[in-house]
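Chains, contacts and geometry: an overview
Read off the chains here:
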Amino acid sequence: MELKITCIPGDGIGPEIVGEARKVLDAVAAKYGHVIHYTDILMGGASIDACGVPLTEEAIATAKSADAVLMGSIGGDTSTSPWYKLPPNLRPEAGLLAIRKALNLFANLRPAVLYDELTGACPLKEEIAAAGFDMMIMRELTGGLYFGERRTTESDGVKTAVDTLVYNENEIRRIAVKGFEIARKRRGKVTSVDKANVLDSSRLWRQVVEEVAGDYPEVTLEHMLVDNCAMQLVKDPAQFDVILTENMFGDILSDEASMVTGSIGMLASASLNDTKFGLYEPSHGSAPDIAGKDIANPIATVLSAAMMLRYSFDLDTEADAIEQAVKQVLKEGYRTSDIMSEGCTPVGCRQMGDLLAERI
Ligand code: NAD
């Protein structure tokens, strides 16, 4: 198969971790007989320095012409970098918002997996961590409260602020379809999270999700109220497979779920549109404090590349091979400094990439 991938190395540790992810992808291509065409584009601080803006039209066109985008991370030290003296629409993060919009990325996927070897980093009680967990938080990314009408008014000296939570049934249906498609590739369970006891938007959400569920009889659907879900994530995270939810609930729950894994350098993510196209990136930022030192953990980016193979190219065997390589390297005791524990072998970013590529 021929794979056209646009890479955004970005800023800080971005170029280092994308380099290691490419090393692993190249090992996959060699083993399974694929050809990968990479094209790099600039975004964030790197693009500001070279072109004066965080993302150019040319870069967007290049991204659109690929099958998928693999990104490192963008941004610098927000208190010292000159990028943050620019107006907000010219700062590094504006590039990320612009590319999400240009590519119509409405579905955000964040897996939260607790690896057996890293249970020590999990802040939950030992018996809960021992059960392990492997879930996918699926968050609607372009609607809801963050995009609804908002205003602040003042009357008789009293200020009133209004934000509006709006969803139409088409927006709900397209994310629900993605959620069921992804559950079908996993353990076949969707937990749809809402606040249907109070909100009209949640009642519509529930109704549309149930309609979509009718097309996926092999997937089990359950509904859960968001307040209960927040509790269940720390009480019994093993019960979840795919959590499907709207924008703000997903924003909060995905951070909660990822933090219970305890390892920021291990967290992958994907943002998808209604084709197979997606943008894949680690959940963490550009870590300017450790950039250029060869100590960053590349695993989140490597796992994002595995998601790319699975969801944009339907290469499940190849994605499994990457995920197995990660488990193997952890089992053999190799650790970057962020996930280091006693008795393990410390390795840098490049060596971690080499070890993973060798195990494909
Ligand atoms: P961060 O995630 O970059 O770093 C937080 C802490 O985690 C730091 O101590 C860092 O060294 C460590 N860390 C992060 N990734 C690591 C890895 N792979 N291996 C080892 N340690 C790692 O968050 P921050 O410091 O708040 O933000 C830094 C910059 O990144 C800011 O400019 C921010 O806007 C940007 N950012 C970008 C994205 C993105 O590109 N999607 C996301 C979040 C933050």
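Just above sits the structure.
To keep things clear, this report deals only with the structure shown in the data block. (Residues numbered from 1 in each chain as written. Predicted model: local features only at pLDDT ≥ 70, side-chain atom pairs only at ≥ 80, totals over all residues. Heavy atoms only, no water.)

**Considerations on the side chain of serine 271**
By the element assignment, serine 271 lies in strand β11 (residues 268–272). Of note is the side chain of serine 271, whose polar atom sits 3.2 Å from the side chain of asparagine 108. (Helix = DSSP H or I, 4+ residues; strand = E, 2+ residues; numbered from the N terminus. Polar contact = N/O pair within 3.5 Å; in protein donor to acceptor, adjacent residues only side chain to side chain.)

**Observations regarding the packing of aromatic side chains**
Under the criterion given, the structure shown has two aromatic pairs. Look at tyrosine 167 and tryptophan 205: their rings are 5.8 Å apart centre to centre, the planes differ by 65°, and that puts the pair in the edge-to-face class. Of the two residues, tyrosine 167 is situated in the loop between β7 (158–163) and α6 (169–185) and tryptophan 205 in helix α7 (residues 200–213); the sequence distance between them amounts to 38 residues. By relative accessible area, which is 2% here, tryptophan 205 ends up buried. Plain terms: the ring middles of phenylalanine 180 and tyrosine 216 are 5.4 Å apart, the flat faces sit at 20° to each other, and that makes the pair stacked. Of the two residues, phenylalanine 180 is situated in helix α6 and tyrosine 216 in the loop between α7 and β9 (220–225); the sequence distance between them amounts to 36 residues. Accessibility classification places phenylalanine 180 together with tyrosine 216 in one group, the buried group. A cation sits over an aromatic face here: arginine 174 above phenylalanine 106, 4.0 Å from the ring centre. (Phe/Tyr/Trp six-rings, centres within 6.5 Å; stacked < 30°, edge-to-face > 60°. Buried < 20%, exposed > 50% of the residue type's maximum accessible area, 1.4 Å probe, protein only. Lys NZ or Arg CZ within 6 Å of the ring centre and 35° of its normal.)

**Observations concerning the site of the ligand**
Close contacts around the ligand come from 22 residues, with Gly76, Glu93, Gly285, Ala287 and Asn297 the closest. Between tyrosine 84 and the ligand, the recorded distance is 2.9 Å, taken from a side-chain N or O atom to an oxygen atom. Separating an oxygen atom of the ligand from a backbone N or O atom of alanine 287 is a distance of 2.8 Å. For the ligand, the accessible surface in isolation is 810 Å², of which the surrounding protein chains cover 70%. Of all the elements in the fold, those that place two or more residues in the shell around the ligand are β3 (68–73) and α4 (92–102). Across the shell around the ligand, the residue classes break down as ten nonpolar, eight polar and four charged. (Near = heavy atom within 4 Å. Areas by Shrake-Rupley, 256 points an atom, 1.4 Å probe, with all protein chains shown as cover. Nonpolar A, V, L, I, M, F, W, Y, C, P; charged D, E, K, R; others polar.)

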